[in-house]
Amino acid sequence: MGIEIERKFLPSNDGWRAAAHKTVAMAQGYLNDIGMVDSGAMQASVRVRIEGDTAFLNIKSRELGARRQEFEYPIPMADAQALLALCVGGRIEKSRHYVEHLGHLWEVDEFFGDNAGLVVAEIELGSEHEVFAKPGWAGVEATHAPRYYNLALASRPYSQWREDEQRACDLNQGH
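Chemist: Where do I start with the side chain of Ser 45 in this structure?
Modeler: Locating Ser 45 in the fold gives a position in strand β3 (residues 44-51). Contacts of Ser 45, omitting those with residues within four sequence positions, involve Tyr 30, Asn 32, Val 37, Asn 58, Ile 59, Lys 60 and Leu 151.

Set out below in structure tokens:
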């Protein structure tokens, strides 16, 4: 069983761009929606993702916070494309920028499509109490804010957020 320990931050500026050493285009969708997960009807989200020239099926347990169970399996590209056509909610389109910072890999997701304008930085950790150096651009932590989870963004994209919700995010991202 895989365990993911991940923390999310809203970048306060674009300082991460200069430090990014790799960028990968991603498209993903969900075979269930946030309503099914939030209601408890399903205990996990089921995602299909195309990541550059590879594809994965991902199952992530329904837990708010930094720690959850995660299972990920490579699948053929044709299967991923067929599964994306079956997904509910919106499709998530983003570029993932990889940034090394003092011994940790940060993944900065720059969203497009219905989530254009949103940028979220994530760091995966070995334990919930692992100490890490937060880059100056990392900004406010959003780990416990469900609206920044990709499953939530598929159901209620950034373009549908109220003006005050977008403004709070934009102010933190330096826009």
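So, next bit.
Chemist: Just checking my understanding: could you explain the pairing of strand β1 (residues 3-10) for this structure?
Modeler: Two faces belong to every sheet, and in a regular strand the side chains alternate between them. Counting buried positions along β1 yields six of eight residues, so the element is predominantly enclosed. Two elements, β1 and strand β5 (residues 67-74), share three bridges in a ladder whose sense is antiparallel. Looking at β5, one finds that Ile 3 is bridged to Gln 69. Note: β1 against strand β8 (residues 119-124), four bridges, orientation antiparallel. Looking across to β8, one finds that Glu 6 is bridged to Glu 124. Looking at chain direction, β1 and strand β9 (residues 140-141) are connected through two bridges and run antiparallel. If you follow Phe 9 over to β9, its bridge partner there is Glu 141.

Chemist: It is not clear to me how the nonpolar core should be interpreted in this structure. Could you clarify?
Modeler: Buried together is how nonpolar side chains tend to be arranged in soluble globular proteins. Among the nonpolar cores identified, the biggest contains 15 residues, and Phe 111, Leu 118, Val 120, Tyr 148 and Leu 153 are the most heavily contacted of them. Counting residues per element, this core draws most heavily on helix α4 (residues 150-155), at three residues. Leaving out residues up to four positions away in the same chain, Tyr 148 has contacts with Lys 8, Leu 10, Leu 118, Val 120, Ala 142, Leu 153, Trp 161 and Cys 169. In terms of nonpolar packing, the next biggest core, distinct from the first, is built from 14 residues, Trp 16, Trp 106, Ala 121 and Trp 137 among them.

Chemist: Quick question: what am I supposed to make of the layout of surface pockets here?
Modeler: A water-sized probe rolled over the atoms picks out the places where empty space is left. Computed from the structure, the largest pocket encloses a volume of approximately 600 Å³. Around the largest pocket, the lining comprises 32 residues; the ones closest to its centre are Ser 45, Lys 60, Arg 68, Tyr 149 and Leu 151. Mapped onto the lining of the largest pocket, the elements with two or more residues apiece are β1, α2 (34-39), β3, β4 (54-61), β5, β6 (88-101), β8 and α4.

Chemist: What exactly am I supposed to notice about the pattern of salt bridges here?
Modeler: Two side chains that carry opposite charge are able to pair once their charged atoms sit near each other. A full pass over the atoms with the stated rule returns 19 salt bridges. A salt bridge links Lys 8 to Glu 6; the nearest nitrogen and oxygen atoms lie 3.6 Å apart. By the burial criterion, Lys 8 is buried, and Glu 6 matches it. A salt bridge links Glu 141 to Arg 7; its shortest N-O distance comes to 2.7 Å. Here Glu 141 is found in strand β9, whereas its partner Arg 7 is found in strand β1, with 134 residues between them in sequence. We classify Glu 141 as partly exposed; its relative accessible area is 33%.

Chemist: Quick question: what am I supposed to make of the environment of Ala 154 here?
Modeler: Tracing the chain through its elements places Ala 154 in helix α4. Distance in space between the C-alpha atoms of Ala 154 and Ser 61 is 17 Å, their sequence separation being 93 residues. Residues in contact with Ala 154, not counting those within four places in the same chain, are Tyr 30, Gly 89, Gly 90 and Ile 92.

Chemist: Teacher, can you tell me more about the environment of Asn 115 here?
Modeler: Tracing the backbone shows Asn 115 in the loop between β7 (104-112) and β8. In this structure, the C-alpha to C-alpha distance between Asn 115 and Arg 7, residues 108 residues apart in sequence, is 20 Å. With near-sequence residues (within four places) excluded, Asn 115 lies in contact with Ile 92, Leu 153, Pro 157 and Tyr 158. Within the structure, the side chain of Asn 115 is placed 2.7 Å from the backbone nitrogen of Tyr 158, a separation counted as a polar contact.

Reading guide: rules and limits
Residues numbered from 1 in each chain as written. Predicted model: local features only at pLDDT ≥ 70, side-chain atom pairs only at ≥ 80, totals over all residues. Heavy atoms only, no water. Helix = DSSP H or I, 4+ residues; strand = E, 2+ residues; numbered from the N terminus. Contact = heavy atoms within 4.5 Å. Buried < 20%, exposed > 50% of the residue type's maximum accessible area, 1.4 Å probe, protein only. Pairing = 2+ DSSP bridges. Core = buried A, V, L, I, M, F, W, Y, C linked by side-chain atoms within 4.5 Å. 1 Å grid on protein atoms, 1.4 Å probe; cavity = no way out; pocket = protein on both sides within 12 Å on 5 of 7 lines; lining within 4 Å. Points joined across faces, edges and corners; volume = space filled by probe spheres on them. Salt bridge = Lys/Arg side-chain N within 4 Å of Asp/Glu carboxyl O. Polar contact = N/O pair within 3.5 Å; in protein donor to acceptor, adjacent residues only side chain to side chain.

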